[in-house]
Amino acid sequence: VYCGVDHWINTEATWTAVQARLNPGQALEVHYEDLIRSPEQVLTRICEFAGADFAPSMLEYDQKTSYSKPDPRKVDQWRRKLTPREIGLVESKLGASLTSRGYVPSGHPPVPSTKLTDLALRLQSKQKVWGHRFANFGLVDPIMETLARRMHLSSLARSAQERIEQKFIARL
């Protein structure tokens, strides 16, 4: 989670830069949590913004696809699954961007990260990511795709990535 926050921070920084170039009324901000908790209400707002009519059938995608509807109970699962220390590390890393985007801090004390803590958390994240990749796609293709990509062997990387994607699709 700690390393995933970097993606959120970068995305929010990009969005802030884009917003500065837009005229008022050219953008609609939607919080994921609101969309999951109140899909009809938020989707109606999105449709109005886009100049489209809302249709209840828009929310029946689970009947026609392999996708299931998100579970609203999972929106706040981080509050149950993360330790107070992990929450403090994440919120400390997010700083003011948490509240500037309309989120309420947890109330746990901030935990500033040291270089050693940051390194340990990044290594732990890499270990989990690679463990997940190996468990789902075997050893050879993930390693081959990464090495080939880094060595600029595009056809070898593409071949390994295609096999990974085939395994992924087979699991759907």
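Structure: above.
Because the structure is a prediction, the values reported are computed rather than measured. Along each chain, residue indices are assigned from 1 in the same order as the chain's sequence is written. Local features in a predicted model are, by the rule used here, given only for residues with pLDDT of at least 70; side-chain atom pairs are given and counted only at 80 or more, and totals for whole chains, interfaces and linings are based on all residues. To get the side-chain values, take all heavy atoms of the structure and skip hydrogens and water.

Q: Before we go on, may I ask you to explain the overall build of the protein chain in this structure?
A: Assigned secondary structure in the protein chain consists of nine helices and zero strands. The helix and strand sequence of the protein chain, counted from the amino end, reads α-α-α-α-α-α-α-α-α. We take the radius of gyration over the C-alpha atoms and set the globule estimate at 2.2 Å times the residue count to the 0.38 power. Relative to the globule expectation of 16 Å for 172 residues, the C-alpha radius of gyration of the protein chain, 20 Å, shows a markedly less compact shape. Dimensions of the protein chain along its principal axes, counting C-alpha atoms only, are 50 × 45 × 35 Å. Under the scheme used here, helices are H or I runs from DSSP no shorter than 4 residues and strands are E runs no shorter than 2 residues, and both carry numbers assigned from the N terminus.

Q: What is the right way to read the packing of aromatic side chains from this model?
A: Pairing of aromatic side chains requires ring centres within 6.5 Å, counting the rings of Phe and Tyr and the six-membered ring of Trp. Pairs whose planes differ by under 30 degrees are stacked, by over 60 edge-to-face, and all others tilted. Under the counting rule described, the total for this entry stands at two aromatic pairs. Arranged with centres 5.4 Å apart and planes meeting at 50°, the rings of Trp130 and Phe134 form a pair that is tilted. Within this pair, Trp130 and its partner Phe134 are both found in helix 7 (residues 115–137), separated by four residues, close to a single helical turn. A 1.4 Å probe rolled over the protein chains alone gives each residue an accessible area, and that area as a share of the maximum for its type sets the label: buried under 20%, exposed over 50%, partly exposed in between. Its relative accessible area of 25% is what places Trp130 among the partly exposed residues. The partly exposed category is assigned to Phe134, whose relative accessible area is 28%. Cation placement over rings: the criterion is NZ of Lys or CZ of Arg within 6 Å of the ring centroid and within 35° of the ring normal. Note that Lys93 overlies the ring of Tyr2, its terminal NZ or CZ placed 3.8 Å from the centroid. Over the ring of Trp130 we find Arg133, and its NZ or CZ is 5.0 Å from the ring centre.

Q: Could you clarify how one ought to interpret the environment of Glu33 in this entry?
A: Checked against the element boundaries, Glu33 lands in helix 2 (residues 32–37). With 28 residues separating them along the chain, Glu33 and Tyr61 place their C-alpha atoms 19 Å apart. Discounting residues that sit within four places of it in the chain, Glu33 has contacts with Val75 and Tyr103. Only 3.0 Å separates the side chain of Glu33 from the side chain of Tyr103, close enough to count as a polar contact. The contact definition used throughout considers only heavy atoms, calling two residues in contact when any of these lie within 4.5 Å. Side-chain atoms alone can form a polar contact between residues adjacent in sequence; in general such a contact is a pair of N or O atoms within 3.5 Å, and within protein one must be able to donate a hydrogen while the other accepts it.

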